[in-house]
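Next come the chains, spelled out residue by residue.
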Amino acid sequence: MSIVNYSLENKVALVTGGSRGIGRAIALTFAENGADVVVSSRKLPDLEQVAEEIKATGRRGVAIASHIAKGEESKNLVDKVKEEFGRIDILVNNAGTNPYMGPLIDAEEWAWDVTMNVNLKGPFLLGQMVARVMLEQGGGNIINIASTAGINPSSLHIYSVTKAAMIMLTRVMAMEWGKDNIRVNTIAPGLIKTRFSEALWKGTPAEERAAIPEDVAGAALYLASDASRFVNGQTIVVSGAGAGGME
Ligand SMILES: NC(=O)c1ccc[n+]([C@@H]2O[C@H](COP(=O)([O-])OP(=O)(O)OC[C@H]3O[C@@H](n4cnc5c(N)ncnc54)[C@H](OP(=O)(O)O)[C@@H]3O)[C@@H](O)[C@H]2O)c1
């Protein structure tokens, strides 16, 4: 076999926000490249559809409902994945939200709390729980989904702050866990055509230019596989050099 290896054969992956958009594309790409995949988000019926699509690739697909901002639910999620597969090789912290689009000057406390809890506290807690499993099994791979809005200030305000913090969370995790054979990297997508970002592209010139979820999935496959075995603590920007980006 070539030294450069993109295969995820015999790997178990957990993808949050796996019911649609970028998470779904990553889950299916991982399955197509040999991984068994658990998808989680809040709504089970949507997840079950994706689990069926995963099974159609010949891999095992499992749907587990879990709210990313609730630590107890993440604990239950990790326990269930361990029960089902005995290990977790890859975690993609992809679930995210942006409930308030307005400027900081008008932002209310609830908007700060919800955005921070879903985009930052949840990925931290789940990352910590999964890293403990990875430590026991001798290593693993975590991919955090940030945004170009976390690199340059954007019109998404509080969301931008959470995604900047996600990039530093990744670097601190990588610094702390790299010696234990756990790699942690970030993907920072620009504007990607999904339901989440519809208000930013629908009916605008960006509708023609914006990337699709599969464009992010390619970067995720690289980071999840041994092809990137010496890449740790880094951020890959997927924005077409700014075309349709959130900068
Ligand atoms: N689209 C873009 O332009 C873009 C650009 C840069 C970064 N991103 C980031 O990419 C990630 C995925 O976004 P997307 O565009 O694919 O959005 P999407 O199509 O709206 O999908 C969001 C996913 O997250 C899940 N989710 C939302 N809140 C959750 C919660 N509290 N707990 C658990 N799951 C939750 C949703 O499922 P349920 O409703 O079932 O919970 C869904 O599976 C996000 O982190 C987003 O910030 C997106």
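What you see is a predicted model, and the numbers here were worked out from it, not measured in a lab. (Residues numbered from 1 in each chain as written. Predicted model: local features only at pLDDT ≥ 70, side-chain atom pairs only at ≥ 80, totals over all residues. Heavy atoms only, no water.)

What am I meant to see in the site of the ligand here?
Within the structure, the ligand sits among 29 residues, and Ser19, Arg42, Lys43, Tyr159 and Thr194 are positioned closest to it. Contact distances for the ligand include 2.9 Å between a nitrogen atom and a backbone N or O atom of Ile68. Residue Tyr159 places a side-chain N or O atom 2.5 Å away from an oxygen atom belonging to the ligand. Protein contact buries 98% of the 890 Å² of open area that the ligand shows by itself. (Near = heavy atom within 4 Å. Polar contact = N/O pair within 3.5 Å; in protein donor to acceptor, adjacent residues only side chain to side chain. Areas by Shrake-Rupley, 256 points an atom, 1.4 Å probe, with all protein chains shown as cover.)

Can you walk me through the layout of surface pockets in this structure?
Where empty space is left becomes clear once a probe the size of a water molecule has been rolled over the atoms. Here the largest pocket defines a volume of roughly 690 Å³. Lining of the largest pocket is provided by 34 residues; of these, Asn94, Ala95, Gly96, Thr97 and Phe196 occupy positions nearest its centre. Elements that contribute at least two residues to the lining of the largest pocket include exactly α1 (21-32), β2 (36-41), α3 (71-85) and α5 (158-177). At 3 residues, the largest contribution of residues to the lining of the largest pocket is made by α1. Among the residues forming the lining of the largest pocket, the class breakdown is 12 nonpolar, 17 polar and 5 charged. (1 Å grid on protein atoms, 1.4 Å probe; cavity = no way out; pocket = protein on both sides within 12 Å on 5 of 7 lines; lining within 4 Å. Points joined across faces, edges and corners; volume = space filled by probe spheres on them. Helix = DSSP H or I, 4+ residues; strand = E, 2+ residues; numbered from the N terminus. Nonpolar A, V, L, I, M, F, W, Y, C, P; charged D, E, K, R; others polar.)

Would you mind going over the pairing of strand β3 (residues 61-65) with me for this structure?
The two faces of a sheet get side chains in turn, since along a regular strand they alternate between them. Direction of pairing for β2 relative to β3: parallel, over a ladder of 5 bridges. Within the sheet, the bridge partner assigned to Val39 lies in β3 and is Ala63. Crossover connection from β2 via helix α2 (residues 44-55) to parallel β3: handedness right-handed. (Pairing = 2+ DSSP bridges. Right-handed = clockwise from strand over helix to strand, strands pointing away.)

Explain a nonpolar patch on the surface here, please?
On the surface, a cluster of nonpolar side chains totalling about 330 Å² of accessible area is made up of Ile3, Val4 and Tyr6. Mapped onto the elements, Tyr6 comes out in the segment before β1 (12-16). (Patch = residues over 30% accessible without salt bridge, like charges linked within 9 Å, V, L, I, M, F, W, Y side chains within 5 Å. Salt bridge = Lys/Arg side-chain N within 4 Å of Asp/Glu carboxyl O.)

Quick question: what am I supposed to make of the packing of aromatic side chains here?
Each pair of aromatic rings is reported with the distance of its centres and the angle of its planes. Enumeration over the complete set of coordinates arrives at 2 aromatic pairs. Note on Tyr159 and Phe196: the rings are 5.5 Å apart at their centroids and 40° apart in plane angle, and the pair reads as tilted. Of this pair, Tyr159 sits in helix α5 while Phe196 sits in the loop between β6 (182-189) and α6 (198-201); the two residues are 37 residues apart in sequence, bridging distant segments of the chain. Overall, Tyr159 belongs to the buried group, its relative accessible area being 5%. Look at Phe196 and you get partly exposed, because its relative accessible area is 39%. (Phe/Tyr/Trp six-rings, centres within 6.5 Å; stacked < 30°, edge-to-face > 60°. Buried < 20%, exposed > 50% of the residue type's maximum accessible area, 1.4 Å probe, protein only.)

Honestly, the side chain of Ser66 in this entry has me stumped. Any pointers?
Relative to the elements of secondary structure, Ser66 occurs in the loop between β3 and α3. Separated by 3.2 Å, the side chain of Ser66 and the backbone oxygen of Glu73 make a polar contact. If near-sequence neighbours (up to four positions away) are discounted, Ser66 is found in contact with Ser40, Ser41, Arg42, Glu73, Ser74 and Leu77. (Contact = heavy atoms within 4.5 Å.)

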